[in-house]
Amino acid sequence: MKICYFGAYDRAYARNFVLRRGLELNHVQVIECHIPVKTKLWKRYPCLLQQFMRIPHVFDAILVAETNQYVMPLAKMLSVLTGKPLIFDIFFSLYDAYVKDRKSVTETSVKAKIFRALDLISGRLADHVLADTRQHLEYYHTEFQIPRECMSVIYVGYDDTIFFPTTFPDSFRNDSGFLVTFIGTFIPLHGIEYILHAAKQLEHDQVIRFEFVGKGQTYQEMRTLADGLNLGNCVFHGATDLENLPRYIAKSDLCLGIFGNTEKTTRVIPNKVFHALAMKKPIITGDTPAIREVFRDHDHLLLCPVANATALANTILRVKQDESLRMKIAENGHQLVAANFLPLVLGQQLKQLIQSLL
């Protein structure tokens, strides 16, 4: 089997890297029709057409990479011309992400209407749509009228060449306290403000320390909040390369997921959950319908109510005091993700799906 992997995307981004590697591990040849994700919108069609003319046209299907709503009309045209099925990894709704969740675009703006139209059109142009959770699948069905039978769930998973149980020298930690780590791009669904308020409630325990790795939309706002709370138990490291993330996870005693008070929070299982458990680290994350699709509370990880700093602080304190609980959820969670969410496993699921469309 040969697949044309199509679109403007970051090759290293977890979602499309896992899918491409998973297909290759299952003996599917991936022919990339790729342009950089930062390519300007008006250049994408001519650049992709130029790339398409250069690649061999002997493939079985076209798979459009995550969040490429803008180029779906072009992909549909090429699908019709080649007679090959078109699969779209929608991954997330532009309207939901930028209008509802991040609120960087106002609901009444022209841009918001364009985002919604792109979501509607792109989903319907595809012969089949990939979602990353069942919650997202139901959202696409309800909001964009994509038939359920035309969608499948392929979970995010993780890159097992980077994330696996390992240790680093103790000198990398700089202290012997209890280290709680958050890694993310500082978007509203992360709910970092609740982590900071939880840190304030725990500042009486001088052993517990917090580290924040990453940068994004709310970064400066969260730094200002941390300064306003006069937090002496928090350190912000800023953005780092993907290859460095395992070092931060490996030195941590506990990792944190997402806790935001947004609708999108309820529909996602973030990369950071898979990454922590892949490295056999305990993690706390918000109790949402999406996370319960895969994980069990107090078995694979710990769940607490979203948007609740006190509940989060209490859960962190409990994990810190109960080493056997930490070891249990880290081991069970690791076994679960290693058995079900490796690229090899997810690639096999995707390959079988593509075969059903041929």
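Cut-off values and rules
Residues numbered from 1 in each chain as written. Predicted model: local features only at pLDDT ≥ 70, side-chain atom pairs only at ≥ 80, totals over all residues. Heavy atoms only, no water. Salt bridge = Lys/Arg side-chain N within 4 Å of Asp/Glu carboxyl O. Helix = DSSP H or I, 4+ residues; strand = E, 2+ residues; numbered from the N terminus. Contact = heavy atoms within 4.5 Å. Disulfide = S-S within 2.5 Å. Buried < 20%, exposed > 50% of the residue type's maximum accessible area, 1.4 Å probe, protein only. 1 Å grid on protein atoms, 1.4 Å probe; cavity = no way out; pocket = protein on both sides within 12 Å on 5 of 7 lines; lining within 4 Å. Points joined across faces, edges and corners; volume = space filled by probe spheres on them. Nonpolar A, V, L, I, M, F, W, Y, C, P; charged D, E, K, R; others polar. Core = buried A, V, L, I, M, F, W, Y, C linked by side-chain atoms within 4.5 Å. Pairing = 2+ DSSP bridges. Axes fitted to C-alpha atoms, helices over the stretch in contact; angles between N-to-C directions. Expected span 1.5 Å × (residues − 1). Polar contact = N/O pair within 3.5 Å; in protein donor to acceptor, adjacent residues only side chain to side chain.

Q: Would you mind showing me how to read the pattern of salt bridges here?
A: Between side chains of opposite charge, a pair can form as their charged atoms come close. Per the stated rule, a full pass over the model turns up 15 salt bridges. Residues Arg 116 and Glu 143 are paired through a salt bridge, measuring 3.2 Å at the closest nitrogen-oxygen approach. Of the two residues, Arg 116 is situated in helix H5 (residues 110-125) and Glu 143 in helix H6 (residues 134-144); the sequence distance between them amounts to 27 residues. One salt bridge in this structure joins Lys 200 and Glu 203, with 3.0 Å as the shortest N-O distance.

Q: Help me out: how do you make sense of the environment of Leu 19 in this one?
A: Position of Leu 19 among the secondary structure elements: in helix H1 (residues 14-25). Once the C-alpha coordinates of Leu 19 and Ile 154 are considered, the two residues, 135 residues apart in sequence, prove to be 9.0 Å apart. Residues in contact with Leu 19, not counting those within four places in the same chain, are Tyr 5, Asp 89, Leu 130, Ile 154 and Leu 350.

Q: Looking at this structure, I do not really get the state of the cysteines. What am I missing?
A: Under the counting rule described, the total for this entry stands at 0 disulfides. Not engaged in a disulfide, the cysteine Cys 4 finds its nearest cysteine sulfur in Cys 33; these two sulfurs lie 5.1 Å apart. For Cys 4, a relative accessible area of 0% corresponds to the buried category.

Q: Please explain empty space enclosed by the protein as it appears in this structure.
A: A probe as big as a water molecule, rolled over the atoms, marks out the empty space that is left. By the definition in use, this model includes 1 cavity of 30 Å³ or more. Along the walls of the largest cavity sit Thr 181, Phe 182, Ile 183, Ile 249, Cys 255, Leu 256, Lys 272 and Ala 276, which together make up its complete lining. Those elements that provide at least two residues to the lining of the largest cavity are strand E7 (178-183), strand E10 (254-256) and helix H10 (271-278). It is E7 that provides the largest number of residues to the lining of the largest cavity, a total of 3 residues. Here the lining of the largest cavity is composed, by residue class, of 6 nonpolar, 1 polar and 1 charged.

Q: Would you explain the nonpolar core in this entry?
A: The biggest cluster of nonpolar side chains holds 58 residues, and the ones touching the most others in it are Ile 269 and Phe 295. Counting residues per element, this core draws most heavily on H10, which supplies 5 residues. If near-sequence neighbours (up to four positions away) are discounted, Ile 269 is found in contact with Thr 133, Tyr 155, Val 156, Phe 274, Ala 290, Ile 291, Val 294 and Phe 295. In terms of nonpolar packing, the next biggest core, distinct from the first, is built from 32 residues, Ile 195, Phe 259, Leu 312 and Val 319 among them.

Q: Just to check I follow, could you spell out the sheet that holds strand E12 (residues 302-304) for this structure?
A: Strand pairing within a sheet occurs via backbone hydrogen bonds; the two strands may be parallel or antiparallel. Across the sheet, 6 strands lie side by side as E9-E8-E7-E10-E11-E12; this open sheet has parallel pairing. The open sheet has two edge strands, strand E9 (234-238) and E12, and neither has a second partner. Each strand of the sheet is rotated relative to its neighbour by a mean of 25 degrees, with strand direction disregarded. Pairing analysis gives 3 bridges linking E7 to E10, with the strands arranged parallel. Bridging from a neighbouring strand, Phe 182 pairs with Leu 256 of E10. Across the sheet, helix H7 (residues 192-201) lies against E7, strand E8 (208-213), E9 and E10, angled at about 160 degrees from E8, the strand it touches most.

Q: Looking at this structure, how should I read the layout of surface pockets?
A: Taken as a whole, the largest pocket spans an internal volume of roughly 1500 Å³. Lining the largest pocket are 47 residues, and of these Tyr 13, Phe 92, Arg 102, Thr 185 and Asn 271 lie nearest its centre. Listed by contribution, the elements that provide at least two residues to the lining of the largest pocket are helix H2 (41-54), helix H4 (94-101), H5, helix H9 (245-250) and H10. For the lining of the largest pocket, the leading source of residues is H4, giving 4 residues. Grouping the amino acids of the lining of the largest pocket by side-chain chemistry returns 26 nonpolar, 11 polar and 10 charged.

Q: It is not clear to me how helix H11 (residues 309-321) should be interpreted in this structure. Could you clarify?
A: Note on helix geometry: an α-helix contains 3.6 residues per turn, so any two residues three or four positions apart are oriented the same way. Over its 13 residues, H11 extends 18 Å from the first C-alpha to the last, a length consistent with the 18 Å expected when each residue adds 1.5 Å. Listed in full, the buried residues belonging to H11 are Ala 309, Ala 311, Leu 312, Ala 313, Thr 315, Ile 316 and Val 319. At the N-terminal boundary of H11, the capping side chain belongs to Asn 308, with an oxygen 3.3 Å from the backbone nitrogen of Thr 310.

So yeah, pure geometry; function would need other evidence.
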